[in-house]
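Structural overview for review
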Amino acid sequence: MRKIITLLTDFGLKDSYVGAMKGVILSICPDANIIDISHEIRKFDIRQGAYVLASASSFFPERTIHVGVVDPGVGTTRKPIIIEAKKNFYVGPDNGLLTLAALKEGIKRVVHISNRKYMLPRISHTFHGRDIFAPVAAHLANGVPIEEFGPLLEKYETLSFSKPKIYKKRIEGEIIYIDGFGNIVTNIYREIIEKISINEGRTIKITFNDKTEKILKICKAYNEVKEGEFLAIIGSGDFLEISINLGNAAKKLNIKEGTEVVVEQV
Amino acid sequence: MRKIITLLTDFGLKDSYVGAMKGVILSICPDANIIDISHEIRKFDIRQGAYVLASASSFFPERTIHVGVVDPGVGTTRKPIIIEAKKNFYVGPDNGLLTLAALKEGIKRVVHISNRKYMLPRISHTFHGRDIFAPVAAHLANGVPIEEFGPLLEKYETLSFSKPKIYKKRIEGEIIYIDGFGNIVTNIYREIIEKISINEGRTIKITFNDKTEKILKICKAYNEVKEGEFLAIIGSGDFLEISINLGNAAKKLNIKEGTEVVVEQV
Amino acid sequence: MRKIITLLTDFGLKDSYVGAMKGVILSICPDANIIDISHEIRKFDIRQGAYVLASASSFFPERTIHVGVVDPGVGTTRKPIIIEAKKNFYVGPDNGLLTLAALKEGIKRVVHISNRKYMLPRISHTFHGRDIFAPVAAHLANGVPIEEFGPLLEKYETLSFSKPKIYKKRIEGEIIYIDGFGNIVTNIYREIIEKISINEGRTIKITFNDKTEKILKICKAYNEVKEGEFLAIIGSGDFLEISINLGNAAKKLNIKEGTEVVVEQV
């Protein structure tokens, strides 16, 4: 079976950068099956990259090698790492980008990539995606054992989204992602909603940033409400989302990632 | 030979959604060759998706599995279907998205996907691309017979673009697509143009929405006119198009898909 | 080993055009490994396409077939060509798009594609990417010898960026590319900077268009300066670049490709 290497970056699709990484991978592991997860992560936004990676990575087969490059600290002392998680490998900078996904599976070990043998001969200070992460992923796909790449790392950066605070009839959470449809994804997980006995069909009050208020039905499908109307829904990532049927909720409310959100029974 | 599965959606390329679909496919059919047709279809625009799918699908080898997900009715009673056409398979929602392409080939049979065995264990109400269409396409690629997925469907949604009305020296048509270059694609097919004895080299009058008028030469190549000038041309899809040499005709005329167009001999 | 065919176009990712090319390739060479370099080249901008292709192509394994389609002269007398370079093949229009990359390797021979046998049966005047370049690349990947496609071409279009002018303490150059991060790439190569004894760590004065002046340190990594501050750096393509740490230098300075730049010791 061909080894799958996925790529997630903030490089965009105009430049040569993603192409160069794919060329490097195929030069080392001609049989690699390279799959793009996203190259449209907001520039330097590690949290957004971590969220998207964690949303996609679990759907790939075991032993997939996920390469993540959102790397504002490229060329500094932040370490290049490989994470061996229970199911998949993660290759990228030690800045938290990879840990959200890896911790969902459970982390077995983390290696500090330092063996120059598995990097390109000349390493730039600005493009470790091409010079370190791509060749390392390709060698890993070729079967090089993880301990070959460098020493074990005991301490590494983690990144996590704030946990919602749960009160009797009230949840305080945060907007963790806005998707391309304008769906507003909160950090409020399905189980939490159920815990305070809010079910699909019920109506809740959602307050953004102590200002904008919406009384919304928790729907099962978008078009339980009319076109252009707001709804709440447990989305495909099992988080509470606020949406507009056939519309863009985030634009309409002018809501950004990081916004505080309060959910109350009504 | 590796099975080809193509993807066409309105998901955009920022989010994890396309990546998740690819992960699901490769988990079931590791050998699938996944090819993106487009993920930049205008959100919820079934007609635009149908047009782009029908423009690309016929160029793929026989037995390609085309997955289309422009699915404003996700989570409702609209059915998930597989169409077996003369040449290719089409997998997606029963909302007309797939039928424009499938009818070009001729439809052999349509199956209502209902066998849970070929879906993900947990099916969301918001992301059937990942939970139903991706796994079904992968199982189909693995050789599962189409009748395994569910019962035959006699009635299904079709979608077609309005046919141009042909008079002696006049054709009334419609703008069906605006491409990324700003080329304005009409529903007026090459044969129709020839039928009213308008040939390349001839000059025609084109009127948009009863207002904007252009006297244009039907050219063979864009640069038969000077840079920045309008022309008419039979485009690569064999439809009459209005373009600007090295420019963006749709922007210049502020023309949108759906606009009425009248072509007259001059 | 599967043959790699890369694609670089100005088609964008919304339309069916890239998908149609991939379908054509896979119909002829089912085993091709198709890799996108970029489809977001500015419409009709041959120089930008040439730069991006030349930045990525050298990272691919030997005998990769690079297809480039930025083709404002499609349908005219400009010739379709194959370039056999020392390492890779290049397929596309004879307008200079391919030569920047091919000349970096050294050109062995150029063939004027004229054998209709290796094109689609019907050739449009507007989409040679689908009708000529895709099938030719696929047949080449299948092992058809290059001389089969047509006669040798002695004269072909070349494209090169202006060479910087080097004085004792002053270099006059040009902006050749602005990347998605807003990094401003000059045509001033690493060796030239070193030649006039400017090293990393030194400070230089950069003047854009005789107007905007910046006194900048040549850094090794972006965050040798504070967030939001300008720096100079030898980028991943070995050219002198002007950047903002965690910001967009080109937007801030409102600088475009083609701008003149003067570098002086201070």
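Residues numbered from 1 in each chain as written. Chains lettered and ligands numbered in written order. Predicted model: local features only at pLDDT ≥ 70, side-chain atom pairs only at ≥ 80, totals over all residues.

Another aspect to go through is the pairing of strand S8 (residues 170–178) of chain B. Residue and element names in this part refer to chain B. Strand direction decides the pairing type here: strand S7 (residues 165–166) and S8, joined by two bridges, are antiparallel. Within S8, the position partnered with Lys-165 by the bridge is Glu-172. Hairpin remark: S7 followed by S8, antiparallel, with three residues in the connecting loop. Where S8 meets strand S14 (residues 260–265), five bridges bridge the pair, whose relative direction is antiparallel. (Pairing = 2+ DSSP bridges. Helix = DSSP H or I, 4+ residues; strand = E, 2+ residues; numbered from the N terminus.)

For the rest of this paragraph, the subject is the domain arrangement of chain A. Domain boundaries assigned for chain A yield domain 1 (4–149) and domain 2 (165–265). Relative to domain 2 of chain A, the C-alpha centre of domain 1 of chain A lies at a distance of 32 Å. (Domains from an automatic or database assignment.)

Before going further, it helps to spend a moment on the interface of chain B and chain A. With 26 residues of chain B at the interface, the matching set in chain A holds 24 residues. Looking at the side of chain B that touches chain A element by element, the count peaks at seven residues for helix H1 (residues 17–28) of chain B. (Contact = placed C-beta atoms within 7 Å.)

The two copies are related by a screw operation: chain B maps onto chain A through 120° of rotation and 0.0 Å of translation along the axis, at an RMSD of 0.0 Å. Both copies are brought into coincidence by an operation consistent with a three-fold rotation axis. Relative to the rotation axis, the closest C-alpha in chain B is found at Asn-33 of chain B, a distance of 5.1 Å. (Least-squares fit on C-alpha atoms with pLDDT ≥ 70 in both.)

Residue and element names in this part refer to chain A. By the secondary structure assignment, Lys-205 is in strand S10 (residues 203–208). Judged by C-beta crowding, with 14 C-beta atoms within 10 Å, Lys-205 ranks as partly exposed. Along the backbone, Lys-205 and Val-144 are 61 residues apart, and their C-alpha atoms lie at a distance of 54 Å. The residues contacting Lys-205, other than those within four sequence positions of it, are Glu-213, Ile-215, Glu-264 and Val-266. (Buried ≥ 20, exposed ≤ 12 C-beta atoms within 10 Å, placed from the backbone.)

Residues and elements named next belong to chain C. Here six strands make up an open sheet; going across it, the order is S2-S1-S3-S5-S4-S6 and the pairing mixed. The sheet is open, and its two edges are formed by strand S2 (33–38) and strand S6 (107–112), each paired on a single side. Neighbour to neighbour, the strand axes of the sheet diverge by 20° on average, direction disregarded. Pairing between strand S1 (residues 4–9) and S2: five bridges, direction parallel. Its bridge partner being in S2, Thr-6 is matched across the sheet by Ile-35. (Axes fitted to C-alpha atoms, helices over the stretch in contact; angles between N-to-C directions.)

Our next topic: the environment of Lys-117 of chain A. Take Lys-117 of chain A: it is sitting in the loop between strand S6 (107–112) and helix H4 (128–141). Here the alpha-carbon distance between Lys-117 of chain A and Phe-149 of chain A, two residues 32 residues apart in the chain, equals 8.4 Å.

In this assembly, 24 residues from chain B lie in contact with 26 residues from chain C. For the side of chain B that touches chain C, the secondary structure elements donating two or more residues are strand S1 (4–9), strand S2 (33–38) and helix H2 (46–57) of chain B.

All names here are of chain A. It is the contact of helix H1 (residues 17–28) with H4, at a shortest axis distance of 8 Å, that shows an interaxial angle of 35°. You can see that H1 and H4 cross each other, and the crossing is right-handed. Of the residues in H4, those touching H1 at Tyr-17, Ala-20, Met-21, Val-24, Ile-25 and Ile-28 are Gly-129, Arg-130, Ala-134, Pro-135, Ala-137, Ala-138 and His-139. Grouping the amino acids of the contact of H1 with H4 by side-chain chemistry returns 10 nonpolar, two polar and one charged. (Left-handed = near helix turned anticlockwise from the far one by under 90°. Nonpolar A, V, L, I, M, F, W, Y, C, P; charged D, E, K, R; others polar.)

Moving on, we come to H2 of chain B. Residue and element names in this part refer to chain B. For H2, built from 12 residues, the straight-helix expectation of 16 Å at 1.5 Å per residue is met to within 8% by its first-to-last C-alpha distance of 16 Å. In terms of burial, H2 is a largely internal element, 12 of the 12 residues being buried. Ile-46, Arg-47, Gln-48, Gly-49, Ala-50, Tyr-51, Val-52, Leu-53, Ala-54, Ser-55, Ala-56 and Ser-57 are the residues of H2 that are buried. (Expected span 1.5 Å × (residues − 1).)

The next point concerns the sheet that holds strand S3 (residues 65–69) of chain A. Residues and elements named next belong to chain A. If you walk across this open sheet you meet the six strands as S2-S1-S3-S5-S4-S6, and the pairing is mixed. The open sheet has two free edges, formed respectively by strand S2 (33–38) and S6, since each of these has just one partner strand. On average, each strand axis in the sheet is tilted by 20° relative to the strand beside it, whichever way the strands run. Where strand S4 (residues 80–85) and strand S5 (residues 89–93) come together, five bridges link them in antiparallel fashion. Residue Glu-84 lies in a different strand from S5, and its bridge partner there is Phe-89. Together, strand S1 (4–9), S3, S4 and S5 form the strand contacts of H4, whose direction differs from that of S3 by roughly 175°.

Attention now moves to H4 of chain A. All names here are of chain A. Over its 14 residues, H4 extends 18 Å from the first C-alpha to the last, a length consistent with the 20 Å expected when each residue adds 1.5 Å. At Ala-134, H4 shows its maximal bend, which comes to roughly 25°, and the proline Pro-135 appears one to four places after that position. Within H4, 13 of the 14 residues are buried, which leaves the element mostly enclosed by the surrounding structure. Positive backbone phi, approximately 105°, marks Gly-143, located one or two places after H4. (Bend = angle between axes of the 7 residues up to and from the residue.)

Next up on the list: the nonpolar core. Within the largest apolar cluster, 263 residues are counted, with the highest numbers of intra-cluster contacts made by Ile-25 and Ala-137 of chain A, Ile-25 and Ala-137 of chain B together with Ile-25 and Ala-137 of chain C. If we skip the residues at most four places from it in the chain, Ala-137 of chain A touches Ile-5, Ile-25, Ile-65, Val-67 and Val-91 of chain A. (Core = buried A, V, L, I, M, F, W, Y, C linked by C-beta atoms within 7 Å.)

This part is about the confidence of the model for chain A. Confidence along chain A averages 95 in pLDDT terms, with 99% of residues attaining 70 or more. Across the interface, the model reports ipTM at 0.96; the global pTM reads 0.96. (pLDDT = per-residue confidence, 0-100.)

Here Glu-84 of chain B is to be found in strand S4 (residues 80–85). Excluding anything up to four places from it in sequence, Glu-84 of chain B contacts Phe-89, Lys-108, Arg-109 and Ile-146 of chain B.

What follows concerns the pairing of strand S13 (residues 239–244) of chain B. All names here are of chain B. Among the six residues in S13, six count as buried, and that is most of the element. A two-sided burial pattern is seen for S13, the buried positions comprising Phe-239, Glu-241 and Ser-243 on one face and Leu-240, Ile-242 and Ile-244 on the other. Looking at chain direction, strand S12 (residues 230–234) and S13 are connected through five bridges and run antiparallel. When the bridges of S13 are listed, Ile-233 appears paired with Glu-241. Once S12 ends, the chain turns through four residues before running back antiparallel as S13, passing Asp-238 with a positive phi of about 75°.

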